[in-house]
Amino acid sequence: MTFVNHFDISLWKICDGYYHQHQALCLELQDNHQLNVNLLLLSLWLDKQDYLLSTLDWSQLQSETHQWEERVLLPYRKLRKLSKNSLASDEYQQMLDVELMLERKSQGLILHKLKQLSPSGESSNLGTYLSLFNLDKVDYPSLVELV
């Protein structure tokens, strides 16, 4: 059994902690650069595990995750944002809850793909993932500090 087969859905609880520490930055990267927040957080978590994935692995994770999210999550997120001013607060919260459920589904898909990969990277996962979007990790010291 490989190291990654020991990873399970509980890793997202740790990633949630990273998210709450850097929510504004995560959302900025998502909105301005179309990064996947789950993959960003996963890159941090994997760096802490010294489990380096290759650029090709990150590219595949990004592509496969984006394909699913483009069909389901992203249209829903857009609808939620457009609906914000026309819904009661409890209705809007229900939409946020559904979006969170879709995020959890995305995390499950990422985890399934992750279990198929082996460590083969040569540099930090954070740096490799950010480089897919022509970003440099030195521009995000608060994220680097988490590793």
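With an unreviewed UniProt entry as reference, the protein chain is termed TIGR02444 family protein, source organism Shewanella psychropiezotolerans.

**Here we look at the overall build of the protein chain**
Counting secondary structure elements, the protein chain contains eight helices and zero strands. For the protein chain, the sequential pattern of α-helices and β-strands runs α-α-α-α-α-α-α-α. A globule of 147 residues ought to have a C-alpha radius of gyration of about 15 Å, and the protein chain, at 16 Å, matches this closely. Reported as C-alpha extents along the three principal axes, the dimensions of the protein chain are approximately 50 × 35 × 25 Å. Split into buried and exposed, the 147 residues of the protein chain put 43% on the buried side. A separation threshold of at least 6 residues defines the contact pool for the protein chain, and within that pool the share at least 24 residues apart is 77%. Counting only carbon and sulfur atoms, one obtains 53% of the accessible surface of the protein chain, whose full area is about 8,200 Å². When the 13 basic and 19 acidic side-chain charges of the protein chain are each reduced to a single mean position, those positions are 5 Å apart.

**A short note on the packing of helix α3 (residues 37–48) against helix α6 (residues 89–114)**
Pairs of packed helices are described in terms of their axes, by the angle between the two and the distance that separates them. Close contact between α3 and α6 brings their axes to 11 Å; oriented N to C, the two are set at 45°. When the axis of α3 is compared with that of α6, the two are oblique. α6 is crossed by α3, and the crossing has right-handed handedness. On the side of α3, the interface is formed by N38, L39, L42 and L46, while α6 contributes E103, S106, Q107, I110 and L114. Across the contact of α3 with α6, the residue classes tally to five nonpolar, three polar and one charged.

The rules behind these values
Residues numbered from 1 in each chain as written. Predicted model: local features only at pLDDT ≥ 70, side-chain atom pairs only at ≥ 80, totals over all residues. Heavy atoms only, no water. Helix = DSSP H or I, 4+ residues; strand = E, 2+ residues; numbered from the N terminus. Rg over C-alpha atoms; globule rule 2.2 N^0.38 Å. Buried < 20%, exposed > 50% of the residue type's maximum accessible area, 1.4 Å probe, protein only. Contact = heavy atoms within 4.5 Å. Areas by Shrake-Rupley, 256 points an atom, 1.4 Å probe, with all protein chains shown as cover. Lys, Arg positive; Asp, Glu negative; His and termini not counted. Charge placed at Lys NZ, Arg CZ, Asp CG, Glu CD. Axes fitted to C-alpha atoms, helices over the stretch in contact; angles between N-to-C directions. Parallel < 35°, antiparallel > 145°, perpendicular 65-115°, else oblique. Left-handed = near helix turned anticlockwise from the far one by under 90°. Nonpolar A, V, L, I, M, F, W, Y, C, P; charged D, E, K, R; others polar.

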